[in-house]
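The lines below spell out each chain.
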Amino acid sequence: MADRSRFGPAGVPPSFRVMKAALADVPRLLREEGLDAFEYQAVRWGAKPQMKKEDAEKLGFKAKENDVWLSLHGSYFINFCGGKDVIEASKQRLISCATAAEWMNASIVVFHPGFYCKKQQREAFTNCLEALKEIVEAMKTLGIKNVKIGPETMGKPSQLGSLDEILGFCEEVEQIQPVIDWAHLHARDKGRFKTVDDFHKVVEDIENRLGTEAVKNMHCHFTKVEFTDKGEKCHHTMEEVDYGPDFAMLAKVIVEFKLKPVIISESPILDVDAIKMRDILHKEFKML
Ligand SMILES: [Zn+2]
């Protein structure tokens, strides 16, 4: 559980890459920017962790030293709506991500549940739920105790991952925590966040179904997003006024409900916009 609202980038910021920073330097560089969260991107991983245990542990150590909250974005090659073989391979990939997350002491492994494809929504949900139960059991056997599994709300109506489905997984299995990607919810429902009240409704829905602790400790992704009839198209920066959702509205709800979410910036300019969001929230607190 995060001790306060925290902000950080999804992956290593471009400016850190320019200065050829090592992974272990990332937490210090984030702290120097006044950021305090980092989502490591394991998005191309297969059945085995694609980093050495010692490197993961070093990142974890440096994160702790610099008071940076770690999470890990799991493999994109996961689809719990596919055939038996696909589901089996997806389980291995998610477990490999969870293994590395445990090494680095990350709090949560974020993942995309998959595309419905030919399956009915109910069948896809049930298949995914069964797989998640097995994964959580396997994690217990492997001694992975500190990592939560985080299914993410998805940005296209063709993807498993409506808010209702994500909360449904969390109701059924302990050790599963929702990942609220606000841009995805916005895109999936063709621009649902127009007023502060639209944000309220989501927060209340989470609280009603999962309880106050769950909503207070939300793990979130935030960026501005462009969408079509098919949902999410691409991400935009905070500067681009033509696109939503508006972080200032979410900030009001965070203050009102006394939430302490971890907010990961998925903007094209990752850390720069994470700083902007942090400042918007701080300003909102000062106005109390
Ligand atoms: Zn994601």
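The sections below set out a description of the structure shown in this document. (Residues numbered from 1 in each chain as written. Predicted model: local features only at pLDDT ≥ 70, side-chain atom pairs only at ≥ 80, totals over all residues. Heavy atoms only, no water.)

**Comments concerning the overall build of the protein chain**
Quick note on the threshold: In DSSP terms, a helix is any run of H or I states spanning at least four residues, a strand is any run of E spanning at least two, and both are numbered starting from the N terminus. This radius of gyration counts C-alpha atoms alone. The globule rule is 2.2 Å times how many residues there are, raised to the power 0.38. Remark: exposure states derive from per-residue accessible area (1.4 Å probe, protein chains only) relative to the maximum for the residue type, with buried under 20%, exposed over 50%, and partly exposed in between. Residues are treated as being in contact if the distance between any of their heavy atoms lies within 4.5 Å. The accessible surface values rely on the Shrake-Rupley method and a 1.4 Å probe; as for residues, cover is taken only from the protein chains in view. The positive count covers Lys and Arg only, the negative count covers Asp and Glu only, and His and the chain ends enter neither. Working definition for charges: the position is that of NZ of Lys, CZ of Arg, CG of Asp or CD of Glu.
What the protein chain contains, in helices and strands, is 11 helices and 12 strands. At 18 Å, the protein chain has a C-alpha radius of gyration in line with the 19 Å of a compact globule built from 288 residues. Reported as C-alpha extents along the three principal axes, the dimensions of the protein chain are approximately 50 × 40 × 35 Å. Counting all 288 residues of the protein chain, 56% fall into the buried class. Across the protein chain, the fraction of contacts at a sequence separation of at least 24, relative to all contacts at a separation of at least 6, is 78%. Accessible surface, the protein chain: about 13,000 Å² in total, of which carbon and sulfur atoms supply 51%. Computed over 41 positive and 45 negative side-chain charges, the inter-centroid distance for the protein chain is 3 Å.

**With respect to the environment of Glu-226**
Counted only if it meets this: In protein, a polar contact requires one atom able to donate a hydrogen and another able to accept it; more generally it is a pair of N or O atoms within 3.5 Å, and residues adjacent in sequence count only if both atoms are side-chain atoms.
Inspection of the secondary structure puts Glu-226 in strand 10 (residues 224–228). A polar contact of 2.7 Å, which involves the side chain of Glu-226, links it to the side chain of His-236.

**Here's the deal with helix 3 (residues 53–65)**
Rules: By this rule the span expected of a helix is its residue count minus one, scaled by 1.5 Å. Note: the arc covers the axis-to-C-beta directions of the helix.
With 13 residues, helix 3 ought to run about 18 Å at 1.5 Å a step, and its terminal C-alpha atoms sit 18 Å apart, in line with that. Ala-56, Leu-59, Gly-60 and Ala-63 are the residues of helix 3 that are buried. Buried positions in helix 3, seen along its axis, are confined to an arc of 100 degrees and lie on one side of it. Turned more than 90 degrees from where helix 3 packs its buried face, Glu-54 and Phe-61 sit exposed.

**Concerning the environment of Val-255**
Secondary-structure assignment places Val-255 in helix 10 (residues 247–256). For Val-255, a relative accessible area of 11% translates into the label buried. Between the C-alpha atoms of Val-255 and Leu-281, which are 26 residues apart in sequence, the distance is 7.9 Å.

**Re the pairing of strand 4 (residues 108–111)**
In plain terms, the rule: By the convention used here, strands pair only if DSSP detects at least 2 bridges between them. If you view a crossover with the strands going away from you and the path from the first strand over the helix to the second runs clockwise, you call it right-handed.
Of the two faces of strand 4, both are covered, the one formed by Ile-108 and Val-110 as well as the one formed by Val-109 and Phe-111. Relative to strand 4, strand 3 (residues 69–73) is paired through two bridges, and the arrangement is parallel. In the strand pairing of strand 4, Leu-72 is matched with Val-109. Remark: the strand 3/helix 4 (residues 84–104)/strand 4 crossover connection has right-handed handedness. Here four bridges tie strand 4 to strand 6 (residues 148–151), and the two strands are oriented parallel to one another. Bridge assignment links Val-110 to a residue of strand 6, and that residue is Gly-150.

**Digging into the sheet that holds strand 6**
What counts, and what does not: Under this scheme, a helix contributes an axis fitted over its contacting stretch, all axes are lines through C-alpha atoms, and angles between N-to-C directions fall in the 0 to 180 degree range.
A sheet is described by the order of its strands in space; here four strands give the open sequence 2-3-4-6, paired in parallel fashion. Taken across any chain shown, the strands that pair with only one partner, and hence form the sheet edges, are strand 2 (37–41) and strand 6. Along the sheet, successive strands turn relative to each other by an average axial angle of 25 degrees, direction set aside.

**Remarks on the side chain of Asp-271**
Along the chain, Asp-271 falls in helix 11 (residues 270–286). Discounting residues that sit within four places of it in the chain, Asp-271 has contacts with Pro-9, Pro-13, Ser-15, Phe-16, Glu-33 and Leu-35.

**Focus on the sheet that holds strand 9 (residues 219–222)**
What the four strands build is an open sheet, ordered 1-12-9-8; its pairing is parallel. Two strands close off the open sheet at either side, each with one partner strand: strand 1 (6–9) and strand 8 (179–181). On average, adjacent strands in this sheet sit at an angle of 25 degrees to one another, irrespective of strand direction. Note: strand 8 against strand 9, three bridges, orientation parallel. Across the sheet, the residue bridging to Asp-181 is His-221, located in strand 9.

**Overview of the packing of aromatic side chains**
What counts, and what does not: Stacked, tilted and edge-to-face are the three classes assigned to paired rings of Phe, Tyr and Trp, where Trp is represented by its six-membered ring and a pair needs centres within 6.5 Å; plane angles under 30 degrees give stacked, over 60 edge-to-face, the rest tilted.
Overall, the coordinates contain eight aromatic pairs when judged by the stated rule. Between Phe-80 and Phe-111, the ring centres sit 5.7 Å apart and the planes meet at 90 degrees, which makes this aromatic pair edge-to-face. In this pair, Phe-80 is assigned in the loop between strand 3 and helix 4 and Phe-111 in strand 4, connecting sequence segments 31 residues apart. Pair check on accessibility: Phe-80 and Phe-111 agree, each one buried. Ring geometry for Phe-125 against Phe-169: centres 4.6 Å apart, planes inclined by 10 degrees, an arrangement best described as stacked.

**Some thoughts on the coordination of the zinc ion**
Stated formally: Nitrogen, oxygen and sulfur within 2.8 Å of a metal are treated as its donors, or within 3.2 Å for sodium, potassium and calcium (Na, K, Ca); water is not counted, so a site can appear incomplete. In short, tetrahedral needs four donors with all angles between 85 and 135 degrees, square planar needs four and octahedral six donors with opposite donors over 155 degrees apart and all other angles between 65 and 115, and whatever is left is irregular.
All of the protein donors around the zinc ion are His-73 (NE2), His-112 (NE2), Glu-152 (OE) and Glu-152 (OE); their distances to the metal are 2.1 to 2.7 Å. Taken together, the four donor atoms surrounding the zinc ion define angles of 51 to 148 degrees at the centre, an arrangement classified as irregular. All donor residues of the zinc ion come from one chain, and their arrangement in sequence is H-x38-H-x39-E. Taken as a pair, His-73 in strand 3 and Glu-152 in the loop between strand 6 and strand 7 (159–160) lie far apart in primary sequence, 79 residues in all. With respect to class, His-73 is no different from Glu-152; both count as buried.

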